[in-house]
Amino acid sequence: MTSVVRTPGSLTVGPLRPVILKLAAPAVAMMACHFTFNLIDAIWVGRLIGPAALAAVSTAGFYVWVLLTLGEMVEVGLIAVAARRHGEGQADLAARAAGAAVLYALAAGTGVSLLGFVLTHPLFRVMAVPPDVAALGAAYLDSWLLGGPLVFGFFAIEATFRASGDTRTPFVLLALSVVLSIGLDPLLIAGIGPFPKLGVEGAALASVMVRGGGFLVGIGIALRRGLLRLDAPDWRALPTVLRVGVPLSLAGVLLSVVYMWLTRYTSRFGTAALAALGVGHKVEGIGFIAISGFALSASALVGQNLGARQEARARQAVRLTVGYCLAVTVVTAVAFLAIPRTLVGLFTTDPAVITDGSLYLRVIAAAQIGQTFEIILEGALAGAGYTLWPQITSTALTLLRVPLAAWWSGLVGVIGIWLALSITAVSRGIAMTAFWLRASWRRAVV
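As the structure is a computational prediction, the values presented were derived from the model and not from experiment.

## Let's talk about the overall build of the protein
Summing up its helical and strand segments, the protein has 16 helices and zero strands in all. Since a compact globule built from 446 residues should have a radius of gyration of about 22 Å, the 21 Å found for the protein is in line with a globular shape. Judged by the C-alpha coordinates and their principal axes, the protein covers about 70 × 50 × 35 Å. When burial is assessed residue by residue, the protein has 62% of its 446 residues classed as buried. Counting only contacts in the protein whose residues sit at least 6 apart along the sequence, the fraction spanning at least 24 positions is 84%.

## Quick word on the packing of helix H1 (residues 16-48) against helix H2 (residues 51-87)
Viewed as axis vectors pointing N to C, H1 and H2 meet at an angle of 160 degrees, and their least axial separation amounts to 8 Å. It follows that H1 is roughly antiparallel to H2 by the angle criterion. Crossing of H1 against H2: the hand is right-handed. Judged by residue contacts, Asn 38, Asp 41, Ala 42, Val 45 and Gly 46 of H1 engage Ala 53, Leu 54 and Val 57 from H2. Tallied by class, residues from the contact of H1 with H2 come to five nonpolar, two polar and one charged.

## A look at the side chain of Thr 160
Along the polypeptide, Thr 160 turns up in helix H5 (residues 148-163). A polar contact of 2.9 Å, which involves the side chain of Thr 160, links it to the backbone oxygen of Ala 156.

## A look at the environment of Gln 371
Along the chain, Gln 371 turns up in helix H13 (residues 367-383). Given the relative accessible area of 9%, Gln 371 is considered buried. When the C-alpha positions of Gln 371 and Ser 427 are compared, they lie 9.1 Å apart, and in sequence the two are 56 residues distant.

## Description of the nonpolar core
Counting residues in hydrophobic clusters, the biggest one holds 140 residues, and the most contacted among them are Tyr 140 and Trp 144. Among the elements that make up this core, the one with the highest residue count is H2 (18 residues). Not counting residues within four places of it along the chain, the set of residues in contact with Tyr 140 comprises Asn 38, Asp 41, Val 57, Ala 60, Val 64, Val 200, Ala 203 and Ala 204. Of all hydrophobic cores here, the second largest spans nine residues; its members include Leu 11, Ile 20, Leu 301 and Ala 317.

## Details of the pattern of salt bridges
Applying the stated criterion across every chain, the model contains seven salt bridges. Between Asp 166 and Arg 225 there is a salt bridge, and its shortest N-O distance comes to 2.8 Å. Separated by 59 residues along the polypeptide, Asp 166 in the loop between H5 and helix H6 (168-190) and Arg 225 in helix H7 (residues 200-225) bring together distant segments of the chain. On the basis of relative accessible area, Asp 166 is assigned to the buried category, the value being 16%. Residue classification places Arg 225 among the partly exposed residues on the basis of a relative accessible area of 46%. Of the charged contacts, one joins Arg 428 and Glu 374 as a salt bridge, the two residues approaching to 2.7 Å between their closest N and O atoms. Residue Arg 428 is located in helix H16 (residues 415-438), and its partner Glu 374 is located in helix H13; the two are separated by 54 residues in the primary sequence. Overlapping salt bridges bring together Asp 92, Arg 229 and Asp 231 as one network.

Criteria and thresholds
Residues numbered from 1 in each chain as written. Predicted model: local features only at pLDDT ≥ 70, side-chain atom pairs only at ≥ 80, totals over all residues. Heavy atoms only, no water. Helix = DSSP H or I, 4+ residues; strand = E, 2+ residues; numbered from the N terminus. Rg over C-alpha atoms; globule rule 2.2 N^0.38 Å. Buried < 20%, exposed > 50% of the residue type's maximum accessible area, 1.4 Å probe, protein only. Contact = heavy atoms within 4.5 Å. Axes fitted to C-alpha atoms, helices over the stretch in contact; angles between N-to-C directions. Parallel < 35°, antiparallel > 145°, perpendicular 65-115°, else oblique. Left-handed = near helix turned anticlockwise from the far one by under 90°. Nonpolar A, V, L, I, M, F, W, Y, C, P; charged D, E, K, R; others polar. Polar contact = N/O pair within 3.5 Å; in protein donor to acceptor, adjacent residues only side chain to side chain. Core = buried A, V, L, I, M, F, W, Y, C linked by side-chain atoms within 4.5 Å. Salt bridge = Lys/Arg side-chain N within 4 Å of Asp/Glu carboxyl O.

Read these as geometric descriptors, not functional statements.
Okay, here's the thing in structure tokens:
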């Protein structure tokens, strides 16, 4: 019988608790960096320009979310495939799969950006936002699209490192990018010193410039370590990457589109409510950072351990990962209930926005717990290569937000929209728990 060769950074040996924390800590920090880009834009725009610009960046952010989710399609699929190859001791096949994924990501990012330029103005008409918000939002989005291909490429590079068990390198690249963005954003928004005054366009350009730079540096590091082979990409791996990643990605795209549609209902209650939707969504992301970081860890852990035929270890890793994440999300849920006005006040001093945003956070607090189970177990199922049926279920619950928001907002006002978001999030958590416990993922082939 041939023995399995353990690769450097393998997640298939040693005590699980330190492995999970060692993997999750930089992954959570990395998700914080991703989240911080749009957060930085919103804070600087809200403080330097005003509520209309804040609403514009928030509504444009829903389409940016679509683009990022499409980029994550390659990320999720590549982690499942490359982590399985690393677990099997086939590092060269993992590097070749990564090469195909990076080249595909660049091409896909170019196509999505070109499509975005065509759809920008129609999108804001669909969202039915006020004219001043639409004009500012279109300017922000068009500027962001210029760097779309490099942002897509960075997702593939992140997956290349993480599938090998290395989350520190992409974190360092992202952290440096965030630091640069914090300094560059106000310079380009307000035109400080020799920099031109670009307003919302400056915020978008700062974000994509620093992310693009991180991608190029990451390419060089991955090539030097032998984690990436662009000279011999394994195109045969690409269909599996897409098969695993597409269902999860399309579910994310749908979630973004649903938020765009909810913007139509929210705009009926004024610009303040529209800004509150965006601000509340961003503050909600505080918990999402931890959840997504632990989910990325669960995906890599499940992928490698199933590749090494260690199902029991994979199951134990998921149980521990959920428990560690709950220690964080329970705290964020309590914060949303206890200090919502303080959190919303980070973005704006407008009293109406603070009132509506605080209501959002109080209602959405319970969703922090539901999303912990939902997103971590989605990551675990993706690591096993089982994404289709979970995402069909998640999609159905996501679509339910539209009629619920329309119905409940007519009955109780803007709080009806917030309730639709919270209740469906909790329901998705229950559904993903059921899929994991049923263990149909054991029969998935990657």
